[in-house]
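Okay, here's what each chain looks like letter by letter:
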Amino acid sequence: MSEIEYVTFDQVDVEDFIAIVNEEALRAHLIDHPFFDRSSLRMWIEDKIRVDAIRGCRIRAVYINGVVAGWCGIQTDKDGFELAIVISQRFWGFGISIFKSLLSWAKEEGHKEVLFHLLDSRPAYKALTKIATKVHKTKLLGRNFTTYYIPVG
């Protein structure tokens, strides 16, 4: 069985992480942004550390069997708090386990509901629609998303 470990970003090695965040298959499902270099990735990591310090947020790097796989977390959103899961294509089969961890964290943080935005490059997910209290199309940073309102509890 695979081991998933969640690590604070102050423990992340930029060199290990840069290949993940610049992976083409992953970027296809994210908002367009320039490729990271060491400097821009350090700044991005510092920003995630700041977000992690906000009450109700929790941002972590994800390691699977000791290998950096990506990142996940609960972060602020204009409508409340959102879940984020950004992992290498190599580890996409672990998304459900990570999602369940995020819902557990949301409960620990006292959230009643969280949002989950998926870029329109992703298919509709019947399982998410089934558990969501509301699903609608959202435009964020010039891109179209499907937003799922997920009850916590």
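Above this note sits the structure.
The following refers to the structure shown.

Conventions we followed
- Position numbers for residues start from 1 in each chain and track the written sequence from start to end.
- Only residues with pLDDT of at least 70 are given local features in this predicted model, and only at 80 or more are side-chain atom pairs given and counted; all residues enter the totals for whole chains, interfaces and linings.
- Excluded from the side-chain calculation are hydrogens and water; included are all heavy atoms of the structure.
- Between 30 and 60 degrees the pair is tilted, below 30 it is stacked and above 60 it is edge-to-face, where a pair is any two Phe, Tyr or Trp rings, Trp via its six-membered ring, whose centres lie within 6.5 Å.
- Burial here depends on accessible area, computed with a 1.4 Å probe over protein chains only, as a share of the maximum for the residue type. Under 20% is buried, over 50% is exposed, and the range in between is partly exposed.
- Strands here mean DSSP runs of E at least two residues long; helices mean DSSP runs of H or I at least four residues long; both are numbered from the N terminus.
- It is the directions from the helix axis to the C-beta atoms whose arc is reported.
- Identification of polar contacts relies on pairs of N or O atoms within 3.5 Å, with a donor-acceptor requirement for protein atoms, meaning one able to donate a hydrogen and the other able to accept it, and with residues adjacent in sequence counted only if both atoms are side-chain atoms.
- Contacts are assigned to residue pairs that have any heavy atoms within 4.5 Å of one another.

So, about the packing of aromatic side chains. In this structure the tally under the stated criterion is eight aromatic pairs. Considering the side-chain rings of Phe 9 and Phe 17, the 5.6 Å spacing of their centres and the 80° angle between planes classify their relative orientation as edge-to-face. In terms of burial, Phe 9 and Phe 17 fall into one category: buried. Their ring planes at 25° and their centres at 6.3 Å tell us that Phe 17 and Trp 44 sit as a pair that is stacked. A residue pair is termed long-range when its members are at least 10 positions apart, and Phe 17 in helix H1 (residues 14-21) and Trp 44 in helix H3 (residues 38-52) qualify at 27 residues. Here Phe 17 and Trp 44 have matching classes, each one buried. Grouping aromatic residues by their ring pairs yields a cluster made of Phe 9, Phe 17, Phe 36, Trp 44 and Trp 71.

A turn of α-helix holds 3.6 residues, and therefore any two residues three or four places apart point the same way. Among the residues making up H1, those that are buried are Val 14, Phe 17, Ile 18, Ile 20 and Val 21. Summarising the axial view, the buried residues of H1 lie within an arc of 165°, below the 170-degree limit, and thus occupy one face. With a side-chain oxygen positioned 2.9 Å from the backbone nitrogen of Glu 15, the residue opening H1 is Asp 13.

Tracing the sequence through the fold places Glu 5 in strand E1 (residues 4-7). Taking relative accessible area as the criterion, Glu 5 reaches 40% and is therefore assigned partly exposed. For the pair Glu 5 and Leu 41, spaced 36 residues apart in sequence, the C-alpha separation works out to 21 Å. With residues up to four places along the chain from it excluded, the contact list for Glu 5 reads Ala 61, Val 62 and Tyr 63.

This is a description of form; function is not addressed.
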